[in-house]
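Structural characterization, general
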Amino acid sequence: MEEQPGLSDQYRTASPWPLLVAVGFALSEVGVFLGIFPVAVGGILLLGGSVAGILAESGYARRPWRTLALLGGVFAGLGAALVATQLPGSSVGLLEVVADPNGVVGRGLAVAVAGAMLVAAGATSQMFGRSQQV
Amino acid sequence: MVSAQLVLTALMGVFLVGVVAFLSRVEDWRSYTPLVSGGGGGYGDTGATVHREKPAGITRWLTTVDHKDIGLLYGTYGIIAFAVGGLMAFLIRMQLIAPEGAVVGNSFYNAVLTSHGITMLFLFGTPIIAAFSNYFIPLLIGADDMAFPRINAIAFWLLPPGALLIWAGFFLPGMEGAQTAWTMYTPLSAEQANAGVDLMLLGLHLTGVSATMGAINFIATIFTERDDDVTWANLDIFSWTILTQSALILFAFPLLGSAIVMLLLDRNLATTFYAVGEGGGPILWQHLFWFFGHPEVYILVLPPMGLVSYILPKFSGRKLFGFKFIVYSTLAIGVLSFGVWAHHMFTTGIDPRLRASFMAVSLAIAIPSAVKTFNWITTMWNGRLRLTTPMLFCIGFVSNFILGGVTGVFLASVPVDKVLHDTYYVVGHFHYIVMGAIGFAVFAGLYYWFPIVTGRMYQRRLGKWHFWLSMLGTNITFFAMLFLGYLGMPRRYATYDFNSAIAPLDMVTLAHQAASVGAVLLLIGQLIFVWNIVQSWLEAPAVEDPDPWDLKETNQHGREFQWHERRIATALADGGEEEEAVTDGGKVVDGANETSDAASDSADD
Ligand code: HEM
Ligand SMILES: [Cu+2]
C-alpha cells in the first residue's frame with residue numbers, strides 16, 4: 001500500500017461483482033435474443049443477483065435482498081408485457097401459445113420466469129436474513 | 001431438442017452454483033454492514049480491513065477495481081486481440097499472393113476478412129486506448145481512481161464475452177464465421193442464414209455497451225476528480241483527447257447498439273427495418289452505420305493523436321507548439337466528425353445536393369487535422385530531437401498520418417471517390433491511419449510508459465528493429481494498396497483471376513505480392529515487439545531512475561512520472577519494514593497467503 005502514495009485507501013480495491021454483472025448481462029442478452037430458454041433464465045438470475053450485490057456493496061442499497069426482489073419484479077413485468085403483446089384477445093389461446101412458444105412468447109416467458117425466481121429469492125432471503133441478523 | 005434443453009439447463013444450474021461458490025470464497029458478506037452503517041469498527045478488524053489489500057493470484061485480477069490493474073487487463077486484452085487480428089491479416093495477405101487465391105476457400109476468406117476488421121477496430125483499437133486512459137488519466141489529473149471504479153471493471157469484463165461471441169462462428173458446431181464485412185451492409189447481413197452472424201452482432205453490442213460505460217466514466221472522472229491544481233487551462237493534451245473521444249462515444253456507440261438490435265430483430269423476429277422495399281430499406285442501415293462509423297474512426301484516432309502530442313515534445317526538448325490550437329482542433333474534429341458520414345455513401349445514389357454538402361464538410365475536417373500536423377512538425381523544428389523508440393514511433397505516426405490524411409481528402413471529393421470507391425485505394429487510405437498512425441501511437445505510448453508500468457526498461461535495440469520493420473512494412477503494404485486502387489482492384493475479393501482484357505493482371509499480381517512482402521516484415525516486427533515486451537518485463541533489471549527519459553533537464557517531468565518517483569521513494573524508504581507491515585494485512589485475506597502486496601505487485605506489474 002505504501003507503494004501507492006497519493007492513492008486513496010478508503011475504497012475497496014477488489015470486488016467480485018463487476019465480473020458477474022458483465023457475464024450476467026452477456027448471458028441474458030444471448031439467451032433472450034437467440035431464444036435459448038435456460039441461458040436466458042440463468043443469465044437474468046445472474047444479472048439480477050449481481051446488480052443487487054454491487055448496489056449493496058457500494059452502499060446504494062441497504063441490503064441486497066429487497067433490491068433483488070425489486071429487480072425481479074421489473075423483469076417479471078417486462079417479460080409479462082412481452083408475452084401479453086402476442087396473446088390473442090381472449091385467453092383461450094393462452095395454453096396453446098405457452099405450450100408452443102413462438103419467438104416472442106418464449107422469450108417473454110424466459111424473462112418473466114427469471115423475474116419471478118428473483119422475486120422469490122429476494123423475498124425468502126429477506127425473511128431469512130432478518131431473522132439471522134437479530 | 002428437448003434433451004439439449006435439459007443439458008443446457010443443467011449446465012446453467014451448475015454454472016450458477018459455481019458462481020455462488022466463488023462468491024462465498026471471495027466475499028465477506030458481513031463487510032457490508034460497516035460500510036452502510038458508516039462506522040468501520042462495528043465488526044472489528046475483519047470488516048474494516050478485508051479487501052484493502054488486493055487478494056492474491058488470479059482472484060486479484062478477476063475482482064480488481066483498481067484503475068491501474070484494469071488498465072493492465074485492457075492492455076493484455078488489446079494485445080491478444082492485436083495478435084489474433086494480425087494473424088488474420090497475415091492469412092489474408094498470403095491468400096492474395098496468387099490471383100486464384102493461394103490458401104483458403106472463398107467463404108472462409110470472407111469470414112476471416114470480416115473478423116479481421118471487427119477484431120482490430122472493436123477488440124484491439126478501442127480497448128488498447130482504454131488501457132492507456134485507465135492507467136494514466138487518474139495519474140495525469142491527480143485523481144485517486146476513476147469516478148466509478150466498479151463500473152470501470154464492468155466495462156472491461158463485458159469485453160471478453162464480446163470477443164468470444166464475435167469469434168464464436170469459427171469454432172461453434174453448425175456455424176461459420178460471419179461473412180458480412182465489418183460494415184455489415186444490409187440486405188446481405190440481414191439475409192445471411194448463419195447463427196454466427198447473430199452471435200457476432202451480440203458480441204458487437206456488448207463491446208458497444210462496454211465502450212459507452214467507459215466513456216461515461218471518463219467524462220465523470222475528468223470533470224470531477226481532478227486534483228486542485230489541475231485546471232482546464234493546464235489539463236494535459238491526452239486527457240483532452242480522451243474527454244473528446246468519450247463525448248463522441250457517448251453519441252455514436254448507443255446508436256450503433258440500436259442499429260444492431262434492429263438488425264437482430266430483422267434477422268430473428270421478422271421485423272422489416274432494413275428489408276428491401278419496406279421500412280427504411282437497406283440504405284437506412286448505411287446511414288445509421290456510418291453515422292456511428294465515421295465518428296468511430298475519430299474515436300480511434302483522437303486519443304492516439306493525444307498520445308503523440310504528449311510524447312513528441314518530450315523528445316524534442318520543447319513544449320508542444322500551439323497547445324491551445326491542438327485542443328481547439330480536437331474539439332473541432334469532434335463536432336465536425338458527425339457531419340461527414342455520407343462520404344461513405346457517395347456512390348449509393350443519394351441526392352447530389354446532399355453529396356455536395358457532405359463533400360464540403362469532409363474537406364473542412366481536413367483543416368483541424370492539418371493544424372495538428374503542422375503543430376507536430378513545428379514542435380520538432382529546431383528542437384533537440386532524441387530518437388528513442390517512442391520518438392521514432394511518433395515521427396512515424398506523423399509521416400503515416402500525412403499519407404493517410406491526404407488520401408482521405410482525395411476520397412472526400414465526389415468525382416474522385418466515384419472512381420476509387422470500393423477499391424484498394426480506400427483500404428490503403430484507412431490502413432495508413434489505423435495501422436500507420438493509430439498503431440504507431442500505441443507503440444509509442446507502450447514504450448514511453450513501459451518503465452512506469454513494469455518498473456523495467458525494454459531492450460532498446462529490439463525497439464528500433466520493431467520500429468523500422470513496422471515503418472517499412474506499413475509503407476510497402478499500404479502504398480501497394482493505394483497503387484492497386486489506381487489499377488482498379490476492388491476491395492474484399494478473395495481472388496482476382498480477372499480476364500486480362502479488363503485489368504493489367506501482371507501488375508495487379510505484383511502489387512499484391514508487394515503488399516504481402518510488407519506483411520511479412522510487419523509480422524517479423526511484431527514478433528520482435530512481443531518478445532521484447534515479455535522478456536524485458538520478466539527479466540530486465542529494475543529501473544531505479546524515476547526519470548528514465550531525462551525529462552527533468554527540460555522541465556518536462558510529467559505528473560505520471562512524478563507519481564512514479566514518489567512510488568519509488570516510498571518503496572525504498574520502507575525497505576525491510578515491508579515484510580512485517582504487510583503480514584497482518586496479508587493474514588486477513590484468505591488467511592493462507594502471506595505474500596505482501598508489494599511483492600506480488602512487483603511480480604505482476
Ligand atoms: C483527413 C480526414 C479524412 C478524410 C477527409 C477521410 C475521407 C474518407 C472517405 C471519403 C472515405 C470513403 C471512401 C470510400 O469508401 O469511397 C473514407 C474511408 C475510410 N476512412 Fe477516412 N478520411 C479521413 C480520415 C480518416 C481517419 C482519421 C480515419 C481513421 C481513424 C479514417 C478511416 C477510414 C475508414 C476506416 C474508411 C473505410 C470505411 C470502409 O470500410 O468503407 N479516415 N475516408
Ligand atoms: Cu468517414
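Let me sum up the structure you'll find in this document. Because the structure is predicted, anything quoted here is derived from the model rather than measured.

Concerning the overall build of chain A
Of the regular secondary structure elements, chain A holds 5 helices and 0 strands. Each helix and strand of chain A, placed in order from N terminus to C terminus, yields the pattern α-α-α-α-α. By the burial criterion, 49% of the 134 residues in chain A qualify as buried. Partitioning the contacts of chain A with sequence separation of at least 6, the portion at a separation of at least 24 is 64%. When the accessible surface of chain A is split by element, carbon and sulfur atoms take 69% of a total near 6100 Å².

A few points about the coordination of the iron atom of ligand 1
Residues and elements named next belong to chain B. A lone protein donor binds the iron atom of ligand 1: H429 (NE2), at 2.1 Å. A spacing of 4.5 Å is found between the iron atom of ligand 1 and the copper ion (ligand 2). Inspection of the secondary structure puts H429 in helix α17 (residues 424-454).

What to know about the coordination of the copper ion (ligand 2)
Residues and elements named next belong to chain B. At 1.8 to 2.0 Å from the copper ion (ligand 2) lie its protein donor atoms, namely H294 (ND1), H343 (NE2) and H344 (NE2). Of note, the copper ion (ligand 2) draws all its donor residues from one chain, in the sequence arrangement H-x48-H-H. For H343, a relative accessible area of 16% puts it in the buried group. The class for H344 is partly exposed, based on a relative accessible area of 22%.

Quick look at unusual backbone geometry
Residue and element names in this part refer to chain B. Omega for the bond connecting T186 with P187 falls within 30 degrees of zero, at 0°, which places this linkage in the cis form. Within the secondary structure, P187 sits in the loop between α8 (159-171) and α9 (188-191). For A181, which is not glycine, the phi torsion reads 65° and is therefore positive. Within the secondary structure layout, A181 lies in the loop between α8 and α9.

What counts and what doesn't
- Residues numbered from 1 in each chain as written.
- Chains lettered and ligands numbered in written order.
- Predicted model: local features only at pLDDT ≥ 70, side-chain atom pairs only at ≥ 80, totals over all residues.
- Heavy atoms only, no water.
- Helix = DSSP H or I, 4+ residues; strand = E, 2+ residues; numbered from the N terminus.
- Buried < 20%, exposed > 50% of the residue type's maximum accessible area, 1.4 Å probe, protein only.
- Contact = heavy atoms within 4.5 Å.
- Areas by Shrake-Rupley, 256 points an atom, 1.4 Å probe, with all protein chains shown as cover.
- Donors = N, O, S within 2.8 Å, 3.2 Å for Na, K, Ca; no water.

Spatial relationships are all this shows, so hold off on functional conclusions.
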